[in-house]
Amino acid sequence: MRTGRIIKSLSGVYRVDSDGEMFDTKPRGLFRKKKFSPIVGDIVDFEIENVTEGYIQHVHERQNELKRPPVSNIDHLVIVMSAVEPDFSTQLVDRFLVIAHSYVLNPRIVVTKKDMASDSQIERIEKDLDVYRAIGYPVQFVGKKDNIETIFDEWGSGLAVLSGQSGVGKSTLLNAYRPDLAIETNQISKSLNRGKHTTRHVELFERKGGFVADTPGFSALDFDHIHKDEVKDYFLEIQEYGQGCKFRNCNHIKEPQCNVKAQVEAGNIAQFRYDHYVQLFEEIANRKERY
Ligand SMILES: Nc1nc2c(ncn2[C@@H]2O[C@H](COP(=O)(O)OP(=O)(O)OP(=O)(O)O)[C@@H](O)[C@H]2O)c(=O)[nH]1
Ligand SMILES: [Mg+2]
Ligand SMILES: [Zn+2]
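Predicted model, so just to flag it, every value in this text is computed and none were measured.

Caption draft 1: Focus on the sheet that holds strand β8 (residues 76–82). If you trace the six strands from one edge of the open sheet to the other, you get β10-β9-β8-β11-β13-β12, paired in mixed fashion. The sheet is open, and its two borders are formed by β10 (139–141) and β12 (204–207), each paired with just one other strand. Here the strands of the sheet are splayed against their neighbours by 25° on average, with no regard to which way each runs. Relative to strand β11 (residues 158–163), β8 is paired through four bridges, and the arrangement is parallel.

Here you go:
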């Protein structure tokens, strides 16, 4: 029996990397019946059939799991946003962070296309990024000419998954780091100011100290798995200041003696972060009512 990691899945065949040796494996019939499918990122024990093939016997418990696209055991969720085309949006960053925390993923922020942004745009974005830095998120702001290797190295070891809107430059980043991969990238459609979906499947690629995966851009984020009362926990500084509210289950909306609202007034919580929290809270609260 050997252990390895699923790096690719193609029509029922799972490619497993076991200390750099590749095996194409299939799940044993027995656990196929249990309606459980292995996914990319899984650590598996498998039985060797011959030099290149094997049978998966056991899937190790997942530390975490991203649903769309399915990837497990993610050490760093790299939220990629562009400075321009599409424009940098703190609302989108905040929504991504909520998704990340809801799946117990460890997020970081990478902003691309610095070379395309004007000085005033850069200044404005840096101001927003300082808010995220103060909360404790690792942030990088990069352009075409930056040293991509050092950017990837800062992430530390383990599996890093690139995630973000279509056209922000996820595949471009990965290509800059691993030119041998020659991943397909696309010009974004300027008329819509929104990218086309270029990257389709998920695959783990080796990088120094671990793996990296590109994911397809998305058109909508899904909050269906999140209850309205959980949202406040996914805005980390709101969660922290929320400890000081009079009511233990304060949602920081209309409750009296709310420390979160006081800290927004005092400038210790960024107004835009609070606004995005309230927006998402209300969106989710209204969705639940429809059931
Ligand atoms: N000037 C400049 N252009 C960039 C940069 N990053 C990406 N681009 C361009 O932006 C466009 C979209 O990049 P992609 O890498 O395909 O974007 P993606 O995030 O992989 O998009 P999807 O696969 O659709 O999710 C391409 O034309 C890239 O050349 C950058 O830092 N600077
Ligand atoms: Mg792509
Ligand atoms: Zn409160």
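Caption draft 2: View of helix α5 (residues 170–177). A large share of α5 lies buried, amounting to six of its eight residues. Those residues of α5 lying buried are K170, S171, L173, L174, N175 and Y177. Against β8, β9 (107–112), α4 (148–153), β11, β12 and β13 (210–213) lie the buried residues of α5.

Caption draft 3: Geometry of the pairing of β9. Within β9, six of the six residues are buried, leaving the element largely enclosed by the surrounding structure. Burial along β9 is two-sided: P107, I109 and V111 facing one way and R108, V110 and T112 facing the other are all buried. The pairing of β8 with β9 spans six bridges and is parallel. Bridge pairing in β9 links V78 to R108. You can see the chain leave β8, run along helix α2 (residues 90–102) and come back into β9, and the turn it takes is right-handed. On the question of chirality, the crossover connecting β9 to the parallel β10 by way of helix α3 (residues 119–135) is right-handed.

Caption draft 4: Spotlight on the coordination of the zinc ion (ligand 3). Protein coordination at the zinc ion (ligand 3): the donors are C245 (SG), C250 (SG), H252 (ND1) and C258 (SG), at 2.1 to 2.4 Å from the metal. Here the zinc ion (ligand 3) is ringed by four donor atoms whose angles at the metal span 102 to 117°, and the overall shape comes out tetrahedral. The sequence motif formed by the donor residues of the zinc ion (ligand 3) is C-x4-C-x1-H-x5-C. By the burial criterion, C245 is buried, and C250 matches it.

Caption draft 5: Quick peek at the packing of aromatic side chains. Applying the stated criterion to the full structure yields seven aromatic pairs. Summarising the aromatic geometry, the rings of Y274 and Y277 are spaced 6.4 Å apart at their centres and angled 45° between planes, so their arrangement reads as tilted. Taken together, the residues Y274 and Y277, both in helix α8 (residues 271–289) and three residues apart, mark about one turn of the helix. No difference in accessibility class separates Y274 from Y277, as the two residues are buried. The rings of F235, Y274, Y277 and F281 are connected pair by pair, giving a single aromatic cluster. Just above the ring of F141 sits the side chain of K114; from NZ or CZ to the centre is 4.7 Å.

Caption draft 6: Highlighting α3. Helix length check: α3 (17 residues) gives 25 Å between terminal C-alpha atoms against 24 Å at 1.5 Å per residue, within 8%. Along α3, the residues that are buried comprise I122, I125, D128, L129 and Y132. Axial view of α3: buried residues confined to an arc of 135°, hence all on one face. Facing away from the buried side of α3 by over 90 degrees, the exposed positions are D119, S120, E123, K127 and A134. Phi turns positive, to about 120°, at G136, one or two residues after α3.

Caption draft 7: Region of interest: unusual backbone geometry. The peptide bond linking R68 to P69 adopts the cis configuration, its omega dihedral lying at -5°. With respect to the helices and strands, the residue P69 is situated in the loop between β6 (65–66) and β7 (71–72). Omega for the bond connecting E85 with P86 falls within 30 degrees of zero, at -5°, which places this linkage in the cis form. Relative to the elements of secondary structure, P86 occurs in the loop between β8 and α2. Positive phi, normally seen in glycine, also occurs at E85, with a value near 50°. Taking the relative accessible area as the measure of exposure, E85 reaches 25% and is therefore partly exposed. Of note in this structure, H252 is not a glycine but carries a positive phi near 60°.

Caption draft 8: Spotlight on the sheet that holds strand β4 (residues 43–48). Reading around the circumference, β1-β2-β3-β5-β4 is the order of the five strands in this closed barrel, with mixed pairing throughout. Across the sheet, the axes of successive neighbouring strands diverge by a mean angle of 55°, strand direction being ignored. Examined bridge by bridge, strand β1 (residues 2–10) and strand β2 (residues 13–18) share five bridges and lie antiparallel to one another. Across the sheet, the residue bridging to R5 is D17, located in β2.

Caption draft 9: Up close: the environment of Q57. Within the secondary structure, Q57 is located in strand β5 (residues 53–59). When its relative accessible area of 26% is taken as the criterion, Q57 is described as partly exposed. Q57 sits 121 residues away from R178 along the chain, and the two C-alpha atoms are 32 Å apart.

Each value, and the rule that gives it
- Residues numbered from 1 in each chain as written.
- Chains lettered and ligands numbered in written order.
- Predicted model: local features only at pLDDT ≥ 70, side-chain atom pairs only at ≥ 80, totals over all residues.
- Heavy atoms only, no water.
- Pairing = 2+ DSSP bridges.
- Helix = DSSP H or I, 4+ residues; strand = E, 2+ residues; numbered from the N terminus.
- Axes fitted to C-alpha atoms, helices over the stretch in contact; angles between N-to-C directions.
- Buried < 20%, exposed > 50% of the residue type's maximum accessible area, 1.4 Å probe, protein only.
- Contact = heavy atoms within 4.5 Å.
- Right-handed = clockwise from strand over helix to strand, strands pointing away.
- Donors = N, O, S within 2.8 Å, 3.2 Å for Na, K, Ca; no water.
- Tetrahedral: all angles 85-135°; square planar, octahedral: opposite > 155°, others 65-115°.
- Phe/Tyr/Trp six-rings, centres within 6.5 Å; stacked < 30°, edge-to-face > 60°.
- Lys NZ or Arg CZ within 6 Å of the ring centre and 35° of its normal.
- Expected span 1.5 Å × (residues − 1).
- Arc of directions from axis to C-beta.

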